[in-house]
Amino acid sequence: MLQKFRYRVDNVMGRGAPALIGVLAVLCCLLAALNGLLLLAFAPDGIRPDNARSSVWAGFHRVLSPTVLLKDRGSAFFLVIAVLMAFGGIMLMSTLIPVISAGLQNQLARLRAGRTPVVESGHTVILGWSSQVHVIVAELVEANRRGRRACIAILAEKDRPEMETEIRERVGDTAGTRIVCRTGNPADPQDVGIVSPGRARSVIVLGTEDESPDFAVIKSLLAVAGTPREDGTGPLIVAGVADEQNLAAARLAGGPRCRVVSTQGFIARLLVQSSLQSGLSLVYSELLDFAGQEIYLTHRPELAGRRFDDTLLAFRASTVIGLMRQDGHILMNPPGDVRVEASDRMVVISEDITTLALADPAAELTPVPPQPAVTPRSTGRKVLVLGSNRRLGAIIGQLGAHLPAGSRVDVVAETPTAVGEGRGTGLELTFQQADITRRHVLEGLSVDTYDHVIVLCPGDRDPQEADAGTLATLLNLRDLAERTTDPFTLVTEMADDRNRVLAQAGKPDDLIVSGNFLSLRLSQISQNPHLDRIFDELFAPTGFQIALHPAAHYVPVNRPVTFGSVVGAVRHHGHLAIGHRIARHIRQAPHHGVELNPDREQARTYTDEDQVVLLTGSSLIRPD
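Basis of the calculations
Residues numbered from 1 in each chain as written. Predicted model: local features only at pLDDT ≥ 70, side-chain atom pairs only at ≥ 80, totals over all residues. Heavy atoms only, no water. Helix = DSSP H or I, 4+ residues; strand = E, 2+ residues; numbered from the N terminus. Buried < 20%, exposed > 50% of the residue type's maximum accessible area, 1.4 Å probe, protein only. Contact = heavy atoms within 4.5 Å. Areas by Shrake-Rupley, 256 points an atom, 1.4 Å probe, with all protein chains shown as cover. Arc of directions from axis to C-beta. Salt bridge = Lys/Arg side-chain N within 4 Å of Asp/Glu carboxyl O.

**Section: the overall build of the protein chain**
1) Next: The helix and strand inventory of the protein chain stands at 18 helices and 23 strands.
2) Next: Residues counted as buried form 51% of the 624 residues belonging to the protein chain.
3) Next: Across the protein chain, contacts joining residues at least 24 apart in sequence account for 73% of those joining residues at least 6 apart.
4) Next: Total accessible area on the protein chain stands at roughly 29,300 Å², and carbon and sulfur atoms take up 54% of it.

**Observations concerning the side chain of T470**
1) Next: Following the sequence through the fold, T470 ends up in helix α14 (residues 463-482).
2) Next: Residues in contact with T470, not counting those within four places in the same chain, are V455, L456, C457, P458, T492, E493 and M494.

**Let's talk about the environment of Q527**
1) Next: With respect to the element layout, Q527 can be found in helix α16 (residues 514-527).
2) Next: The spatial distance from the C-alpha of Q527 to the C-alpha of L140 is 8.6 Å, given a sequence separation of 387 residues.
3) Next: Among all residues touching Q527, those that are not within four sequence positions of it are T124, L140, N144, R201 and F290.

**Quick look at unusual backbone geometry**
1) Next: With phi around 55°, S446 is a residue other than glycine that occupies positive phi space.
2) Next: For S446, the position within the fold is in the loop between α13 (439-444) and β14 (452-455).
3) Next: Judged by its relative accessible area of 32%, S446 is partly exposed.
4) Next: Of note in this structure, N558 is not a glycine but carries a positive phi near 60°.
5) Next: By the element assignment, N558 lies in the loop between β17 (545-550) and β18 (560-562).

**Quick look at helix α6 (residues 160-170)**
1) Next: Looking at α6, one finds that the buried residues are R160, M163 and I167. The arc that holds every buried residue of α6, seen down its axis, measures 65°, which confines them to one face. Facing away from the buried side of α6, by more than 90 degrees, are the exposed residues R168 and E169.
2) Next: Taken from the residues just after α6, G172 is the one with a positive phi, measuring 80°.

**Comments concerning the pattern of salt bridges**
1) Next: For the structure shown, the criterion picks out 19 salt bridges.
2) Next: Two residues, E162 and K158, come together in a salt bridge whose shortest N-O distance is 3.2 Å.
3) Next: Judged by relative accessible area, K158 falls into the buried class, the value being 18%.
4) Next: Notably, a salt bridge pairs R483 with D479, separated by 3.1 Å at the nearest N-O pair.
5) Next: Owing to a relative accessible area of 23%, D479 belongs among the partly exposed residues under this scheme.

**Description of the environment of S121**
1) Next: Checked against the element boundaries, S121 lands in the loop between α4 (76-113) and β1 (124-127).
2) Next: Given a relative accessible area of 53%, S121 falls into the exposed group.
3) Next: For S121 and S196, which are 75 residues apart along the polypeptide, the C-alpha to C-alpha distance reads 7.9 Å.

Structure follows, in C-alpha cells:
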C-alpha cells in the first residue's frame, strides 16, 4: 500500500508545477477546514466563531497568517493544537512559494526557448538562418514602413535570445514591424507549424551555410508545402538553391505556389552583365532594394484605350515599362501602338506605392533632333576572370551568350579549376594557376590589355578570409588601372556586405555581394510573386534588358534638355528611358551618379561622358 502511495506521489510530482500547486491548494483547503472545526470544538468563547461558515474563513486565515495564534487564549490543549495548525500552515506556504517560483521560471524558460505558437495572420515567415536573414528582415521592414503594422516570424535551429540580439544589432529600428523568433527545425512539419505558415502571406526558405545547403532547402519546402491555407490553397513560398541541378527538385517539393531562384544562374548573370557595362549593378541594386526605385503593378482603368506610347509620361514620378494582361501574360516594352485594356495592370518603376500618381494633364513626348546612328561594337573582347568558385562554369556560359564571336576568356585562380563547362560557347578559354593576391602576378597578366575584369570571391573559405584576399586583389587592380590609358571595366564579388562598404571607399567600381542580391530578390518576390518572371527576363542573355548608353546617342550634349525629351528620343529607337548616370557624380556614394525616375520637366545639360539608363528589346512573358 505504501509503495502504491509513493508511486502515485511520484506521478503527481512528475506533472510539474501546475499539479503541485493543485495538490497544495487542496491541502490548504483541508487544513483550513480542520482549523475551523477545532475552533468550533475547543476555542474559548471570545475566539470561537459564530457558525460553520465563519469558522472555515477563520481557519483559512490561520493557515495564511500563523501569527494570529499570538492573540489566542484558552486551555493548554487548545493552544497546543493551534501551534500545530500554525506549523502546518507554515509548511504549506513555505512549500507553495518555491513551487510557484519554479513554475514561473520554467514558463519563462519555455518562452525564451521559443516554442510557443505564433498566432498571426498575413505575416511573413522565414525558415532557416543564414547571413541573408538580416538583409531580408531589413528589406521587409522597409517595405512595411509606410504601410500597416506587420509581423515577421523566424523559425531556425538557433536560440531565440541569440536571434533577437543579432537582429537588433544588424537591423536596428524595425519601425512598426514585429519580429517574432522561434526555435525549431525548419525541416520538421510539426516545428514549422509553430509559425503558422497556413495563415502567412508568404514563406521565405533559406539554405544553410554548409556544403549542402540545397538539401536543407528542399526538406523545408516539403515541410511547409503540406501546410494548406484556410481557403484550401498553399502559402506563397520563395526559396533559393545554390546548384542549378537542384532547381527542378526544389520546385517540385514546393508545389505550384513556390518560386525558386537559382543562385548560381542569377549571380552568374548579374556578374557578367555588370562586368560588360559599368554601373549596371547600381541600377539592379536600386530596383531590387525596397529603399530605392522598385517595380510595381498597378491597375489604372483611366488609361484604357490609350496607345502604349501615350502612357510613357502619364505618371508624375513613375516610368511605364510594360503591361500585364488579364490572362497573366506580361508585355515588356510592347510596340507603341498596342492599346491599353481596362483590365490591364501597368508595370511601372516607382519609388513607392504612394508615388503612383497620374500626371494631370498627361504630358506628350517631346520631339528632339535625331542624333547620328552609332554602330555597336561587334569585335571580339578579352575578359579576365580572377579567382574561382562554384559559379565559374555558369559565368563562362553567360559570357559565351553575351560576347560576340572571337572573344577570349582567361581564368586565373589559385586552385585548379575545370573550365570545361564553358566549352561549346564559341569562346577561347585558357586557365592559369597563380595566387591572384600577389602584385607581381597581376602585373604579369597585363590587365590593361583586357576589356573586362571579373574578380570572384573564393567559396571554399571563411567569408572574412575570402574577402580579405579579394580586397587585396581589388586594390592592386585599381592601382594598375590608374597607370593605364586603356580603362577596363571591373566587377568584384564579395561575401560580406560590411566588406563591400570598405571596398567602395568612394570608387565607382561595380561591387557584387552575392548573398545580398539574392536576399533582395527573394524579398521582392515574397511581396509580389509576378516580379519573379520579370526579373528572370531582365537577367536573361537576350530580350528585355537594362543597358547604359551614352546620352549623346539620343540627345544633343552641352545643351539644356528635359528628361521628358530624353524619353521621347530614346523611344524613337524603340527603347524605354528609365534614368541616367551623371559622370560628375560617379564618385559620390551611394548611387555613384545613377538616378532612376528623374524629374521629367527639369532641364539638364548632358555631356559626352553622361549615360542614359534604358530598357532595350521587348518580351512576352507567359503566365506560370
